[in-house]
Amino acid sequence: MSTADHDQIPERALAWYRAGTGAVLATVVETWGSAPRPAGSQLAVSGTGEMAGSVSGGCVEGAVVAEALEALQDGKPRLLTFGVADEDAFAVGLACGGTIRVLVEPVGKAMPEGLLADIVAARAARLPRAYVVNLESWSRRLAGPDGPLAARFRADQSGVDEADFTVIHNPPLRMAVVGAVHIAQALLPLARACGYDPLLIDPREAFGSPARFPGERLSQDWPDEALRSFGLDARTAVVTLTHDPKLDDPAIRAALRSDIFYLGCLGSTRTHAKRVARLTDAGFTEAEIARIHAPVGLDIGAKSPGEIAVAIMAEVTAALRRPARHET
């Protein structure tokens, strides 16, 4: 599986531009608090009117597309402001109206092709980049995760600082799931729906088979070897589900010595106590072991594999989006 389609907006825009149809990128600058699409959300529009992505729940897409097609003709960027009435917001499932600002940039004229190509290349290489455009001078540049934008990268938060609008392009989210069990059958599609690129790891051929997991990316390598090939970084979550220390422990040891943002392990409190003892004997510190979320998932009373998968994704989301509030 590749990165979720809804996270491929810059790639689609670049492909349309290079195909000769023309392309425009529209990006949410600011919006109302209850909006489904936060700052940084993007809509790509081709010269033939094709669309990829979104900038709202449907309130303003039509107007944005119309402006995008005009921008292709005059080559100028524009900053659009829409006031969304309460009744219009309610019609698309929002509680209240408000204001949304959208930056519209034709590729190759306002946004240089080379700059967009650099963004796409960095995303493919899993390198964090920020696209910074000054809304007064229209100067543009790329920036890395160090320096004054470090906090925005950590929070995965695009937004405006004085005249500069910054769009954060963090590496796509990924999830490695160890154990081809029933919970994994529910968890993988749910993870993908949340924007993750999942990998299922299980050296037991009868468990991790294409017949049981059609269309999924599978690895039958030993878990620590599979994770080493997969790569572990700050945009990756690891979930172990086998209950078998021979399979879970190698993955856990690899994960604990990496920069992943979430490690969750299935098992009862008693099972986890035994796990902690094994890790302590292996030389892991108390602080390292405390990174483990166990028993895995938020305590919502989940029982079925589907409910447990929901609990896991909820906890993964909390760890990613509200790390200060979600301590182990």
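About the cut-offs
- Residues numbered from 1 in each chain as written.
- Predicted model: local features only at pLDDT ≥ 70, side-chain atom pairs only at ≥ 80, totals over all residues.
- Heavy atoms only, no water.
- Helix = DSSP H or I, 4+ residues; strand = E, 2+ residues; numbered from the N terminus.
- Buried < 20%, exposed > 50% of the residue type's maximum accessible area, 1.4 Å probe, protein only.
- Polar contact = N/O pair within 3.5 Å; in protein donor to acceptor, adjacent residues only side chain to side chain.
- Contact = heavy atoms within 4.5 Å.
- Pairing = 2+ DSSP bridges.
- Axes fitted to C-alpha atoms, helices over the stretch in contact; angles between N-to-C directions.
- Nonpolar A, V, L, I, M, F, W, Y, C, P; charged D, E, K, R; others polar.
- Parallel < 35°, antiparallel > 145°, perpendicular 65-115°, else oblique.
- Left-handed = near helix turned anticlockwise from the far one by under 90°.

Description of the side chain of arginine 174
Summarising the element assignment, arginine 174 is placed in strand β10 (residues 174–178). Judged by relative accessible area, arginine 174 falls into the buried class, the value being 7%. Polar side-chain contacts of arginine 174 include one of 2.7 Å to the backbone oxygen of phenylalanine 230. At 2.5 Å, the side chain of arginine 174 forms a polar contact with the backbone oxygen of glycine 231. Leave out the neighbours within four places in its chain, and arginine 174 touches Arg126, Tyr196, Asp197, Phe230, Gly231, Leu232, Asp233, Arg235, Thr236 and Ala237.

Considerations on the sheet that holds β10
One open sheet holds the six strands; their spatial order is β12-β11-β10-β13-β14-β15, and the pairing between them is parallel. A strand with exactly one partner marks an edge of an open sheet, and here the two such strands are β12 (218–219) and β15 (292–293). With five bridges joining them, β10 and strand β11 (residues 197–201) adopt parallel strand pairing. In the strand pairing of β11, arginine 174 is matched with aspartate 197.

Points about the sheet that holds strand β8 (residues 159–161)
Judged by pairing direction, the sheet is antiparallel, and its four strands sit side by side in the order β7-β6-β9-β8 without closing on themselves. Each edge of the open sheet is held by one strand with a lone partner, namely β7 (140–143) and β8. On average, each strand axis in the sheet is tilted by 30° relative to the strand beside it, whichever way the strands run. Both strand β6 (residues 129–134) and β7 contribute to a ladder of four bridges, which runs antiparallel.

A look at the pairing of strand β2 (residues 42–46)
Across the five residues that make up β2, a large majority, five, are buried. Burial along β2 is two-sided: Gln42, Ala44 and Ser46 and Leu43 and Val45, pointing in opposite directions, are all buried. Bridge count for strand β1 (residues 23–30) against β2 is five bridges, and the pairing is antiparallel. Its bridge partner being in β2, alanine 23 is matched across the sheet by serine 46. Bridging between β2 and strand β3 (residues 51–53) involves three bridges; their strand directions are antiparallel. Across the sheet, residue valine 45 finds its bridge partner in β3, namely methionine 51. Joining the antiparallel neighbours β2 and β3 is a turn of four residues, in which glycine 49 adopts a positive phi near 90°.

Focus: the packing of helix α7 (residues 223–230) against helix α8 (residues 245–256)
One can describe the packing of α7 onto α8 by two numbers: an axis separation of 7 Å at closest approach and a directional angle of 35°. Along its contact with α7, which presents Pro223, Asp224 and Leu227, the element α8 presents Leu247, Pro250, Ala251 and Ala254. Each residue belonging to the contact of α7 with α8 can be placed in one class, and the counts come to six nonpolar, no polar and one charged.

Overview of the environment of glutamate 307
Take glutamate 307: it is sitting in helix α11 (residues 305–321). For the pair glutamate 307 and leucine 187, spaced 120 residues apart in sequence, the C-alpha separation works out to 9.5 Å. Residues contacting glutamate 307, with those up to four places away along its chain left out, are Ile300, Gly301 and Ala302. Side-chain polar atoms of glutamate 307 contact the backbone nitrogen of lysine 303, separated by 2.9 Å.

Considerations on the environment of alanine 237
Within the fold, alanine 237 resides in strand β13 (residues 236–240). Among the residues examined, alanine 237 registers a relative accessible area of 0% and is labelled buried. The spacing of alanine 237 and isoleucine 260 is 23 residues in sequence and 5.9 Å in space, taken between C-alpha atoms. With near-sequence residues (within four places) excluded, alanine 237 lies in contact with Arg174, Met175, Ala176, Phe261, Tyr262 and Val316.

Describing the packing of α8 against helix α9 (residues 269–281)
When two helices pack together, their arrangement is given by the angle between their axes and by how far apart the axes lie. The interhelical angle for the contact between α8 and α9, taken along N-to-C directions, is 60°, at an axis separation of 11 Å. Considering the angle they form, α8 stands oblique to α9. Here α8 runs over α9; the crossing is right-handed. For the pair α8 and α9, the contacting residues are Pro245, Asp249, Ile252, Arg253 and Leu256 in the first and Arg275, Arg278 and Leu279 in the second. Class assignment of the residues belonging to the contact of α8 with α9 gives a composition of four nonpolar, no polar and four charged.

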